Amino acid sequence: MPSLKDLKNRIQSVKNTRKITKAMQMVAAAKLRRAQEAAEAARPYAERMTSVMAGLAGSVGQSAGAPKLLAGTGADKVHLLVVMTSERGLCGGFNSTIVRLARAKANELLAQGKTVKILTVGKKGREQLRRDFGAYFIGHVDMGEVKRVGYSNAQAIARDVLARFDAGEFDVATLFYNRFQSVISQIPTAQQIIPAVFEGGAASSLYDYEPSEEAILADLLPRGVATQIFTALLENGASEQGARMSAMDNATRNAGEMITKYTTIYNRSRQAAITKELIEIISGAEAL
Amino acid sequence: MAGTLQFDLVNPERRLASVAATEVQIPGADGDLTAMEGHAPTITTLRPGILRALTVEGVKSYVVTGGFAEISASGVSVLAEGAIPVEEATGTVLDAILAEARSLAAIALPQDKDAADKAVADVVALRDAVLAH
């Protein structure tokens with residue numbers, strides 16, 4: 001049975017923890033709003049880009065001279081997994097869900113006898129994957145210094161990935177990130193970026209192309225990769241804050257419950273102590 | 001008064017402009033072109049240059065560093081990789097763009113060398129045009 005003093009200390013310490021989690025929740029809420037705005041603002045560009053590329057891919061894609069970024073290398077041997085996670089913890093299952101999805105995919109590919117290479121973005125995922133897949137790491141992008149995700153960050157990652165593709169280091173690249181749906185729900189997503197896939201590529205043959213369709217497509221595909229990475233980074237950023245917000249909300253509520261519980265125990269022991277003292281006094285008086 | 005067309009300028013991070021314009025001068029990869037109402041639907045890539053739009057709010061100029069433009073009879077959407085209003089394009093900003101183009105040209109693969117060198121030349125021309133402005 002802990003003493004009254006111990007209980008009092010414990011209540012105080014849980015109260016302090018609650019203050020911290022509450023503050024973190026509010027910070028995450030503010031950051032979430034900014035991240036959502038950024039994701040919102042980036043949407044028009046990404047949507048236009050995708051629709052134009054889908055149209056071009058629809059008309060050029062079938063021809064023999066289609067760019068490698070669209071048609072693939074013809075092989076399906078080496079897979080690059082780009083795993084995007086956060087730099088900071090305390091965000092619930094955010095990192096674990098991405099890592100779980102990436103791990104499942106990697107195991108599946110390995111079972112099929114394919115070669116797997118992993119590029120990690122954000123150190124949390126790297127830490128979780130290191131034990132099982134450390135041998136497959138080919139690079140890491142540190143986002144720790146990045147306060148606000150900008151297009152230049154995505155461009156840098158895209159350049160790295162494209163350089164490796166040009167050097168023939170892999171055949172297929174897949175992005176792993178969390179798609180933001182709401183504060184309580186983020187969907188771990190695997191998205192193939194190389195070779196590019198488009199849903200419903202309606203051929204937009206009504207356009208004149210200047211220069212040729214092929215030249216435009218060759219120019220756009222690398223930009224498309226950068227845009228997809230940028231979108232993924234933004235979605236991931238919003239998801240991270242959303243996940244942190246709900247995790248911290250839970251933590252705050254748990255702390256509140258714990259405080260109620262300890263306060264009840266504290267009051268009960270205090271009353272027990274008083275009762276005991278009274279009995280001692282009364283029985284002492286009776287003995288006289 | 002000539003008819004207007006919807007002019008949208010977006011970069012990867014945000015929408016920079018969305019106004020009605022009477023004409024939009026675009027630095028296309030194969031040469032400059034001006035889009036007005038009723039233009040044939042065209043998609044063109046951009047070279048580094050100055051994009052000028054005669055809008056209902058006055059003339060707006062932007063320094064763009066690549067991307068593409070989608071022109072239809074009723075609107076122009078410019079998806080620029082980098083775009084800044086010409087007033088904000090100071091010597092230091094342009095020098096940074098030029099330095100980046102040069103560094104890309106320096107590491108370009110042989111088959112991309114010509115394109116990268118052309119990009120550098122375009123940026124140099126762009127820089128002179130803006131500073132002379």
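Residues numbered from 1 in each chain as written. Chains lettered and ligands numbered in written order. Predicted model: local features only at pLDDT ≥ 70, side-chain atom pairs only at ≥ 80, totals over all residues.

Colleague: How should I be thinking about the overall build of chain A in this particular structure?
Modeller: A count of helices and strands for chain A gives six helices and six strands. Secondary structure elements in chain A, listed N-terminal to C-terminal, are α-α-β-α-β-α-β-α-β-β-β-α. Scaling as 2.2 N^0.38, a compact globule of 288 residues should have a C-alpha radius of gyration of about 19 Å, whereas chain A reaches 28 Å, well beyond that. Over its C-alpha atoms, taken along the principal directions, chain A stretches across nearly 110 × 40 × 30 Å. For chain A, the residues scored as buried account for 35% of the 288 residues in total. (Helix = DSSP H or I, 4+ residues; strand = E, 2+ residues; numbered from the N terminus. Rg over C-alpha atoms; globule rule 2.2 N^0.38 Å. Buried ≥ 20, exposed ≤ 12 C-beta atoms within 10 Å, placed from the backbone.)

Colleague: Please explain the nonpolar core as it appears in this structure.
Modeller: Inside soluble globular proteins, nonpolar side chains tend to come together where they are buried. If you look at the biggest cluster of nonpolar residues, it comprises 99 residues, and the most contacted ones within it are L81(A), V82(A), V83(A), M84(A), F176(A) and I229(A). For this core, the element with the highest residue contribution is helix α6 (residues 213-287) of chain A, accounting for 17 residues. Counting only domains with at least three residues in this core, you end up with domain 1 (5-86) and domain 2 (89-132) of chain B. In this structure, F176(A) is in contact with L81(A), V82(A), V83(A), M84(A), I98(A), L101(A), A102(A) and A190(A), ignoring residues within four places of it in sequence. (Core = buried A, V, L, I, M, F, W, Y, C linked by C-beta atoms within 7 Å. Domains from an automatic or database assignment. Contact = placed C-beta atoms within 7 Å.)

Colleague: Got a minute to help me understand the domain arrangement of chain B in this structure?
Modeller: All names here are of chain B. Domain assignment breaks chain B into domain 1 (5-86) and domain 2 (89-132). Using C-alpha coordinates to define each centre, domain 1 is positioned 20 Å away from domain 2. Contact residues are listed per partner, giving eight residues for domain 1 and nine residues for domain 2. Tallied by class, residues from the side of domain 1 that touches domain 2 come to five nonpolar, two polar and one charged. (Nonpolar A, V, L, I, M, F, W, Y, C, P; charged D, E, K, R; others polar.)

Colleague: Please explain the sheet that holds strand β5 (residues 185-194) of chain A as it appears in this structure.
Modeller: The strands making up a sheet associate through hydrogen bonds between their backbones, and the pairing can be parallel or antiparallel. Residues and elements named next belong to chain A. The five strands lie next to each other as β3-β2-β1-β4-β5, forming an open sheet whose pairing is mixed. Looking at which strands have only one partner, the edges of the open sheet turn out to be β3 (137-141) and β5. Averaged over all pairs of adjacent strands, the angle between strand axes in this sheet comes to 20°, irrespective of strand direction. Relative to β3, strand β2 (residues 115-121) runs parallel, the two being bridged by four bridges. The residue of β3 that forms the bridge with I118 is F137. Set on the sheet, helix α4 (residues 123-133) makes contact with β1 (78-84), β2 and β3; between it and β2 the angle comes to about 155°. (Pairing = 2+ DSSP bridges. Axes fitted to C-alpha atoms, helices over the stretch in contact; angles between N-to-C directions.)

Colleague: Would you explain the pairing of strand β5 (residues 49-55) of chain B in this entry?
Modeller: Residues and elements named next belong to chain B. Pairing geometry for strand β2 (residues 15-28) and β5, over four bridges, is antiparallel. Bridge pairing in β5 links A21 to T55. Where β5 and strand β6 (residues 58-64) come together, seven bridges link them in antiparallel fashion. Each residue of the ladder has a partner; that of R52, found in β6, is S61. The hairpin turn running from β5 into β6, its antiparallel successor, is two residues long.

Colleague: Looking at this model, I keep getting lost on the interface of chain A and chain B. Mind explaining?
Modeller: How big an interface is tends to be stated in terms of the accessible area lost upon association of its parts. Counting from both sides, the interface comprises 21 residues of chain A and, opposite them, 20 residues of chain B. At seven residues, the largest contribution of residues to the side of chain A that touches chain B is made by helix α1 (residues 4-60) of chain A. For the side of chain A that touches chain B, a count of residues per class yields 14 nonpolar, two polar and five charged. By the bridge criterion, three bridges tie strand β6 (residues 208-210) of chain A to strand β4 (residues 42-46) of chain B in an arrangement that is parallel. What sits directly across from E210(A), in β4(B), is T44(B).

Colleague: What should I look at first to understand the environment of A243(A) in this one?
Modeller: Residues and elements named next belong to chain A. Mapped onto the fold, A243 is located in helix α6. With 26 C-beta atoms counted inside 10 Å, the residue A243 sits in the buried group. Linking A243 and T260, residues 17 residues apart in sequence, is a C-alpha distance of 26 Å. Residue contacts for A243: discarding those within four places in its chain leaves C91, G92, F94 and Q186.

Colleague: I would appreciate a short explanation of the environment of Q181(A) in the present structure.
Modeller: Residues and elements named next belong to chain A. Mapped onto the secondary structure, Q181 falls in strand β4 (residues 172-182). The class of Q181 is partly exposed, set by 13 C-beta atoms lying within 10 Å. Sequence separation of Q181 and G150 is 31 residues, and the distance between their C-alpha atoms is 21 Å. Residues contacting Q181, with those up to four places away along its chain left out, are Q186 and I187.

Colleague: Before we go on, may I ask you to explain the pairing of strand β8 (residues 75-80) of chain B in this structure?
Modeller: A regular strand places its side chains on the two faces of the sheet in alternate fashion. All names here are of chain B. Of all six residues making up β8, five are buried, and the element is well covered by its neighbours. Pairing of strand β1 (residues 5-10) with β8 involves five bridges; the strand directions are parallel. Looking across to β8, one finds that L9 is bridged to V78. Across five bridges, the pairing between strand β7 (residues 67-71) and β8 is antiparallel.

Colleague: Before we go on, may I ask you to explain the packing of α1(A) against α6(A) in this structure?
Modeller: To characterise two packed helices, one gives the angle between the axes of the helices and the distance between these axes. All names here are of chain A. One can describe the packing of α1 onto α6 by two numbers: an axis separation of 5 Å at closest approach and a directional angle of 160°. In terms of their interaxial angle, α1 and α6 are classed as roughly antiparallel. By crossing handedness, the relation of α1 to α6 is classed as left-handed. The class makeup of the residues in the contact of α1 with α6 is 33 nonpolar, 15 polar and twelve charged. (Parallel < 35°, antiparallel > 145°, perpendicular 65-115°, else oblique. Left-handed = near helix turned anticlockwise from the far one by under 90°.)

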